[in-house]
Structure formats: C-alpha cells, structure tokens
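Below, each chain spelled out in residue letters.
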Amino acid sequence: GLPVSPSFDKDLLASSFSVEFVNTAHPSPAPFTPSPIPGPMHPELLPGGGKYMADIYFDSYVINSGCYVFYKAGLLAYTLGSQEAKDYNIDLTAAGLGKVAPFIEKLFPNTEVDLVINAVASPNVTISKSGISSTTSITCEAQLTHKGKVHHLFTVLSKMEAGATVSVDKQSLRLVVVDVKA
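Presented here is a report on the structure given in the accompanying data block. (Residues numbered from 1 in each chain as written. Predicted model: local features only at pLDDT ≥ 70, side-chain atom pairs only at ≥ 80, totals over all residues. Heavy atoms only, no water.)

## Brief notes about the pairing of strand E5 (residues 124–128)
A regular strand places its side chains on the two faces of the sheet in alternate fashion. Where E5 meets strand E6 (residues 131–146), five bridges bridge the pair, whose relative direction is antiparallel. Its bridge partner lying in E6, Ile 127 is registered against Ile 132. Hairpin connection, E5 to E6: the antiparallel pair is bridged by two residues. (Pairing = 2+ DSSP bridges. Helix = DSSP H or I, 4+ residues; strand = E, 2+ residues; numbered from the N terminus.)

Below, the structure is given as structure tokens:
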C-alpha cells in the first residue's frame, strides 16, 4: 500500500510503498511493527540521496515478515537423514553416534539416525548501512526408529548468528556480498 501520498516537483516524483509477507490461508499480523520509511518528503535520507531515477529502500520489516510467515507455517524445519548425510561424510547411524556414546550402538545396532532441525522462533534480520545480520534459535534433535518405535536420543538448542556486508554494484545494479561472518 501507499503509507503516504506521492509528491513531486520539477526534479523528482517520489512515492513510498509498504511491503510485507502475509499467509493468505491464515492471515495474522506480525508481532512487530515496521520502522518509518524515509518518504518522499525526505529523499536525502535514502541511500542514493534521491539523485537516481529509482531509489529502493528495504526495511528489515519486509524480510522479517517473510521469516515470520515461513516460521508460523512450519516451513523453517528440516530433517537430515543418514543417506543424505553420507554426501557430507557424516555418519548418522547408531554406529557413528556410538563413537561418542557407545551405549547407543549397543542398544540400537544397525540403525540409521535422523537429525530434525527446527526454528524455535522466527529469525530476526537487521539491515543497516554496514550490512545484513540474522539471529535465530534452533533445536537439533537426534532420533531413530528401532523396531517400529521412535526413540529421541538428544536435543541441542543453539543460537545462530550470521552477518554479511553487502554493497551495490552501480553498473550492474546488483547486490554484491563483500564479506560473510557466521
């Protein structure tokens, strides 16, 4: 939508658009509010200073509303099975875990293990002049099925933080990742 009326003068036509992700099947408001967008009355606050044909300003609200929709829909979950783990040289079997906890291999011989990874809450993304950062908390649960019964071996709660420095290539108008920190 348009949060403010468009404005123009002899050098500039300016308008602001509010963008957010919404699950149309189960619409609910995000538990946070957007920060004020530098609007047409203050183009000098935009990164391009209002001197380009189009200045686009992304607030972290856009990305966070998308993260919230994906989280609420249960889409921020992944199961890493033992067959897929082999591609990464990870031994997700009772024998593999038995190297750390020998009792697992004795209790569940020749059994494959799954790692079930879930976001505990919606990730939080921050956009600033210095780049993009993200913080999320996840659980990683090891479980296996033995003789038709699911056994939960352990659960680890982890907080993950990552950041990237991003710049805009002015010739191609593409975002360029300069540095990544995790």
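## Digging into helix H1 (residues 60–72)
A turn of α-helix holds 3.6 residues, and therefore any two residues three or four places apart point the same way. Here H1 is 13 residues long and its end C-alpha atoms lie 18 Å apart, about the 18 Å a rise of 1.5 Å per residue gives. Among the residues of H1, those classed as buried are Ser 60, Tyr 61, Val 62, Asn 64, Ser 65, Gly 66, Cys 67, Tyr 68 and Val 69. Contacts made by the buried residues of H1 are with E5. Remark: Gly 74 follows H1 within two positions and exhibits a positive phi of approximately 75 degrees. (Expected span 1.5 Å × (residues − 1). Buried < 20%, exposed > 50% of the residue type's maximum accessible area, 1.4 Å probe, protein only. Contact = heavy atoms within 4.5 Å.)

## Some remarks on the nonpolar core
Formed by 13 residues in total, the largest nonpolar core has its most connected members in Leu 80, Leu 92, Ile 104, Phe 108, Val 113 and Leu 115. Of all the secondary-structure elements, those providing two or more residues to this core are helix H3 (94–98), strand E4 (113–119) and E6. Broken down by element, the residue count for this core peaks at three residues, all from E6. Every residue in contact with Phe 108, bar those within four places of it in the chain, is listed here: Ala 94, Leu 144, His 146, His 151 and Leu 153. (Core = buried A, V, L, I, M, F, W, Y, C linked by side-chain atoms within 4.5 Å.)

## Some words on the pattern of salt bridges
Inspection of the entire model under this criterion finds one salt bridge. For Glu 161, the salt bridge identified is with Lys 159, shortest N-O distance 3.9 Å. (Salt bridge = Lys/Arg side-chain N within 4 Å of Asp/Glu carboxyl O.)

## With respect to the packing of aromatic side chains
Scanning the entire structure with this criterion turns up two aromatic pairs. The interplanar angle of 80 degrees and the centroid separation of 6.2 Å between the aromatic rings of Phe 32 and Tyr 68 together place this pair among those described as edge-to-face. Here Phe 32 is found in the loop between strand E2 (13–14) and H1, whereas its partner Tyr 68 is found in helix H1, with 36 residues between them in sequence. Taking the relative accessible area as the measure of exposure, Tyr 68 reaches 13% and is therefore buried. Put simply, the rings of Phe 32, Tyr 61 and Tyr 68 touch in pairs and so form one group of aromatic residues. (Phe/Tyr/Trp six-rings, centres within 6.5 Å; stacked < 30°, edge-to-face > 60°.)

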